[in-house]
Amino acid sequence: GGIFEVGAEDLAMTPREASSLLAGAGVEPYGASIAELVQRTEGWPTGLYIAALAIKAGTRQSETGFAFGGDDRFMGDYLHSELLDRVSGAEVSFLTRTSILDRMCGSLCDTILQEHGSGRVLEQLESRNLLVIPLDRRREWYRYHHLLRELLQAELRRREPDRVQGLHFRAAGWYETNAMPEAAIEHAQAAGDYDRVARLLLDRAQPVWASGRVETVLRWMEWLRDRTSAKHYGAIAVHGSLIFALLGQPSEAERWAAAAERGSPAGILPDGSTMESTLAYLRAILCRAGIAEMRRDAQIACDGLTPASPYRATMLHTEGISYLLEGDPEKADPILAHAFDVATRSGALPLAALILAERCIVAAERDDWPEAMKLAQRAVVVVEEGGFEDYWTSALVYAWATRAALHRGDIPKARYYLARAARLRPLLSYALPAVSVQALLELARSYIALADPGGAGAVLRQVHDILQQRPDLGILPGLADELQLKLAKIKAIAGGASSLTAAELRVLPLLSTHLSFREIGERLYVSSHTVRTQAYSIYRKLGVSSRSEAVARTDELGLDV
């Protein structure tokens, strides 16, 4: 009676119960394998018992589990005798052909089978407890037991291999019509329907990326990598270039960019945007020809992108930072404020957080540190609530969170944010040069403020490498040179800042704040006497005799923030 009890949830076995069953059958699998077997059989006692028979017969076991599934000989024989041999030929065809679906409803099955009445068939199969499991109370959606589905798929490939592609093709169409684009992409890939994949990917790539699922978009892109015959492939290649740039893979980004640029600049994309604007978008983000061209390309892109395009926010951000990089923060700020609104409305939250960090630069240029600290905190909240901690866009966010923490004298928090930013350094490359260098320069300032010449030197070497590839980045090369000079000055002072102890380095940035020695001690969890002792040691090493002179010397050395 095992197969007719599959739908009864109270019969599903726990790993402990499964272990007892397997032991009773003379099998003692690894602990991890028990959990895997319970998952694969969904706790079905009959399935577990048959798995035990298969194991005893020699199914390979390793520390990662057993090679056991619905197409295993023992399970296949059981399912054939207890299910497939007991239903009609029409029902067998229904079961095998719909096994391409991980879940199904009547309308979907009608579409792929080109028949009517599938909903009633599903109800009948479920009522007979034939391993058809309802997914909702209304009995609208169903799925097959994992083991049954594996067997049915094997049967379909054996009986009707030429039918599989058409079934997936019709499934993709149904999912697209019913606004389930990711399922449509999956079936379109299985059907080899490159044009449909390309069309759907153009619409879904940005929102899926913005939701935190970079790997999903990357998987789609890699599937299309060599399908150059697909319609709209040039536009796909543009976004492929962006994805690899965001992942810190500049050579791959350049390869996709070259593929995009080989195509025709003419044509209209499915969302109404022009191909010309999409190519301009690519040129703007790569910034190969300098700041003025970057801004011009961003404006061309905005002109040709539809008002609803999620990529408009990126181009507004790019236009805004072009003015920042020319030393005109007042012109940049309103554009960045508008870009933030557009990014937020379109759901591009990683970009929205980045734009807030860019506006920190404007606030700091105005010497409005309360505003800079507020913007930095807002940006961190967007990143951490959205789960974007590992995104390229978050490097500048964490860099500015570090600067803000240093400015308010919160050294532990500054070091925390600095570590988060440093983890993202491998993503910062010449593929997205402007923001990558912005982030690295902010990191260098923070390392210098914390009297860490080693950290600052490593970051500035990375800046140098990017500038070798993209030298025309407005004021950024000059800022890099200034920081390099400050770093050289620190290293040149014998017995100076570079000889400070770790404890003294924690105190040093706080000397320029309004905090008393007692309050500094409270921040650092040490006594005021300890702070006073460390402060006097700092004075001696810097060659000064008072706190005010130490602050001035710190400023001279470039250790201010």
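Residues numbered from 1 in each chain as written. Predicted model: local features only at pLDDT ≥ 70, side-chain atom pairs only at ≥ 80, totals over all residues. Heavy atoms only, no water.

Visitor: Help me out: how do you make sense of the overall build of the protein in this one?
Guide: Along the backbone of the protein there are 29 helices and four strands. Nonlocal contacts in the protein, meaning residues at least 24 apart in sequence, comprise 64% of its contacts between residues at least 6 apart. Total accessible area computed for the protein in this model is approximately 24300 Å², and 49% of it derives from carbon and sulfur atoms. (Helix = DSSP H or I, 4+ residues; strand = E, 2+ residues; numbered from the N terminus. Contact = heavy atoms within 4.5 Å. Areas by Shrake-Rupley, 256 points an atom, 1.4 Å probe, with all protein chains shown as cover.)

Visitor: Before we go on, may I ask you to explain helix α24 (residues 453-469) in this structure?
Guide: With 17 residues, α24 ought to run about 24 Å at 1.5 Å a step, and its terminal C-alpha atoms sit 25 Å apart, in line with that. The complete set of buried residues in α24 reads Gly455, Ala456, Gly457, Val459, Leu460, Gln462, Val463, Ile466 and Leu467. (Expected span 1.5 Å × (residues − 1). Buried < 20%, exposed > 50% of the residue type's maximum accessible area, 1.4 Å probe, protein only.)

Visitor: Teacher, can you tell me more about empty space enclosed by the protein here?
Guide: One simple way to see leftover space: roll a probe sized like a water molecule over the atoms. Applying the stated criterion across every chain, the model contains one cavity of 30 Å³ or more. Considering only enclosed or pocket space, the largest cavity measures out at about 350 Å³ in volume. Surrounding the largest cavity, 27 residues form its lining, Leu242, Leu246, Ile285, Thr314 and Trp392 being those nearest its centre. If you list the elements that add at least two residues to the lining of the largest cavity, you get α11 (194-210), α13 (233-246), α15 (275-286), α17 (312-324), α19 (349-365) and α23 (433-449). Within the lining of the largest cavity, the residues separate by chemical class into 21 nonpolar, six polar and no charged. (1 Å grid on protein atoms, 1.4 Å probe; cavity = no way out; pocket = protein on both sides within 12 Å on 5 of 7 lines; lining within 4 Å. Points joined across faces, edges and corners; volume = space filled by probe spheres on them. Nonpolar A, V, L, I, M, F, W, Y, C, P; charged D, E, K, R; others polar.)

Visitor: Honestly, the nonpolar core in this entry has me stumped. Any pointers?
Guide: One broad rule of soluble globular proteins: the nonpolar side chains tend to lie buried together. The biggest cluster of nonpolar side chains holds 187 residues, and the ones touching the most others in it are Leu101, Met315 and Leu511. Once residues lying within four places of it in the same chain are set aside, the contact partners of leucine 511 are Phe517, Ala535, Ile538, Tyr539, Arg547, Ala550 and Val551. (Core = buried A, V, L, I, M, F, W, Y, C linked by side-chain atoms within 4.5 Å.)

Visitor: What's the story with α13 in this structure? I'm lost.
Guide: Every α-helix winds through 3.6 residues per turn, so residues three or four apart in the chain are directed the same way. Here α13 contains 14 residues, and its C-alpha end-to-end distance of 20 Å stays within 8% of the 20 Å for a straight helix at 1.5 Å per residue. Here α13 lies mainly inside the structure; 14 of its 14 residues are buried.

Visitor: What is the right way to look at the environment of histidine 317 in this model?
Guide: Inspection of the secondary structure puts histidine 317 in helix α17. In this structure histidine 317 comes out as buried when scored by relative accessible area, which is 4%. When neighbours within four sequence positions are excluded, histidine 317 is seen to be in contact with Leu336, Ala339, Leu351, Leu354, Ile355, Glu358 and Val435. Reaching out from histidine 317, the side chain makes a polar contact with the side chain of glutamate 358 at a distance of 3.2 Å. (Polar contact = N/O pair within 3.5 Å; in protein donor to acceptor, adjacent residues only side chain to side chain.)

Visitor: Looking at this structure, I do not really get the environment of leucine 450. What am I missing?
Guide: One can find leucine 450 in the loop between α23 and α24. Looking at leucine 450, the relative accessible area reads 2%, which means it is buried. Distance from leucine 450 to leucine 406, taken between C-alpha atoms, is 8.7 Å for residues 44 residues apart in sequence. In contact with leucine 450, not counting residues within four places along its chain, are Leu406, Ile411, Arg415, Leu418, Leu505 and Pro509.

Visitor: Sorry if this is basic, but what is going on with unusual backbone geometry here?
Guide: For residues other than glycine, phi is negative in most cases, and the peptide bonds are mostly trans. We note that alanine 179 has phi near 60°; this positive angle belongs to a residue other than glycine. With respect to the helices and strands, alanine 179 occurs in the loop between α9 (164-177) and α10 (181-191). With a phi close to 60°, aspartate 367 is a non-glycine residue in the positive phi region. One can find aspartate 367 in the loop between α19 and α20 (369-386).

Visitor: Sorry if this is basic, but what is going on with the confidence of the model for the protein here?
Guide: Should pLDDT be low for a region, the predicted coordinates there are not to be read in detail. Chain-level statistics for the protein give a pLDDT mean of 85 and a share of 85% at 70 or above. The model gives residues 1-10 a pLDDT under 50, and that stretch makes 20 contacts with residues more than four places away or in other chains. Across residues 61-65, confidence stays below pLDDT 50; counting only partners more than four residues off in sequence or on other chains, it has twelve contacts. (pLDDT = per-residue confidence, 0-100.)

Visitor: I keep staring at the packing of α19 against helix α21 (residues 394-407) and nothing clicks. Help me out?
Guide: How two helices pack is summed up by the angle between their axes together with the distance between the axes. Packing of α19 against α21 leaves a shortest axis separation of 8 Å and a crossing angle of 40°. Comparing the axis directions of α19 and α21 gives the class oblique. As for the relative orientation of α19 and α21, their crossing is left-handed in sense. Contacts between α19 and α21 involve Ala353, Leu354, Ala357, Glu358, Cys360, Ile361 and Ala364 from the former and Leu396, Val397 and Trp400 from the latter. (Axes fitted to C-alpha atoms, helices over the stretch in contact; angles between N-to-C directions. Parallel < 35°, antiparallel > 145°, perpendicular 65-115°, else oblique. Left-handed = near helix turned anticlockwise from the far one by under 90°.)

Visitor: Is there a simple way to explain the pattern of salt bridges in this structure?
Guide: When charged atoms on two side chains of opposite charge get close, those side chains can pair. For the structure on display, the rule yields 29 salt bridges. Residue aspartate 390 is joined to arginine 423 by a salt bridge in which the shortest nitrogen-to-oxygen separation is 2.9 Å. Placement of the pair is aspartate 390 in the loop between α20 and α21 and arginine 423 in helix α22 (residues 411-423), with a sequence separation of 33 residues. By sharing partners, the salt bridges in this structure join Glu176, Asp193, Arg196 and Arg199 into a single network. (Salt bridge = Lys/Arg side-chain N within 4 Å of Asp/Glu carboxyl O.)

Visitor: Which parts of the structure should I look at to understand the packing of α13 against helix α14 (residues 250-262)?
Guide: Interaxial distance between α13 and α14 falls to 8 Å at its minimum, and their mutual angle equals 165°. Comparing their axes, α14 and α13 come out roughly antiparallel. For the pair α13 and α14, the sense of crossing is left-handed. On the side of α13, the interface is formed by Tyr233, Gly234, Ile236, Ala237, Val238, Gly240, Ser241, Phe244 and Ala245, while α14 contributes Glu252, Ala253, Trp256, Ala257, Ala259 and Ala260.

Visitor: What exactly am I supposed to notice about the packing of aromatic side chains here?
Guide: Any two aromatic rings considered together are summarised by their centre-to-centre distance and by the angle between their planes. Within the structure shown, the criterion is met by eleven aromatic pairs. Summarising the aromatic geometry, the rings of tryptophan 141 and tryptophan 174 are spaced 6.0 Å apart at their centres and angled 70° between planes, so their arrangement reads as edge-to-face. Of this pair, tryptophan 141 sits in the loop between β3 (132-134) and β4 (142-144) while tryptophan 174 sits in helix α9, and the two are 33 residues apart along the sequence. For the pair tryptophan 141 and tryptophan 174, one class covers both residues: buried. Here tyrosine 194 and tryptophan 223 contribute two aromatic rings whose centre-to-centre distance is 5.3 Å and whose plane-to-plane angle is 55°, an arrangement assigned as tilted. Within this pair, whereas tyrosine 194 is found in helix α11, its partner tryptophan 223 is found in helix α12 (residues 214-224), the two being separated by 29 residues in sequence. For tyrosine 194, a relative accessible area of 29% puts it in the partly exposed group. Under the relative-accessibility criterion, tryptophan 223 is labelled buried at 17%. Put simply, the rings of Trp141, Trp174 and Tyr175 pair up and form one aromatic cluster. One residue, arginine 295, lies across the ring of tyrosine 323, its end atom 4.3 Å from the ring centre. (Phe/Tyr/Trp six-rings, centres within 6.5 Å; stacked < 30°, edge-to-face > 60°. Lys NZ or Arg CZ within 6 Å of the ring centre and 35° of its normal.)

Visitor: Mind showing me how you'd approach the side chain of arginine 470 here?
Guide: On the secondary structure map, arginine 470 appears in the loop between α24 and α25 (476-492). The class of arginine 470 is buried, set by a relative accessible area of 5%. Within polar-contact distance, the side chain of arginine 470 engages the side chain of glutamate 254 at 3.1 Å. Not counting residues up to four positions away in its chain, the partners in contact with arginine 470 are Glu254, Leu286, Cys287, Arg288, Tyr430 and Pro433.

Visitor: Whenever I open this one, the side chain of glutamate 504 confuses me. Can you help?
Guide: Inspection of the secondary structure puts glutamate 504 in helix α26 (residues 502-507). Glutamate 504 gets classed as buried once you look at its relative accessible area, which sits at 6%. A distance of 2.5 Å separates the side chain of glutamate 504 from the side chain of serine 537, its partner in a polar contact. Once you skip the residues sitting within four places of it in the chain, glutamate 504 turns out to touch Gln534, Ser537, Ile538 and Lys541.

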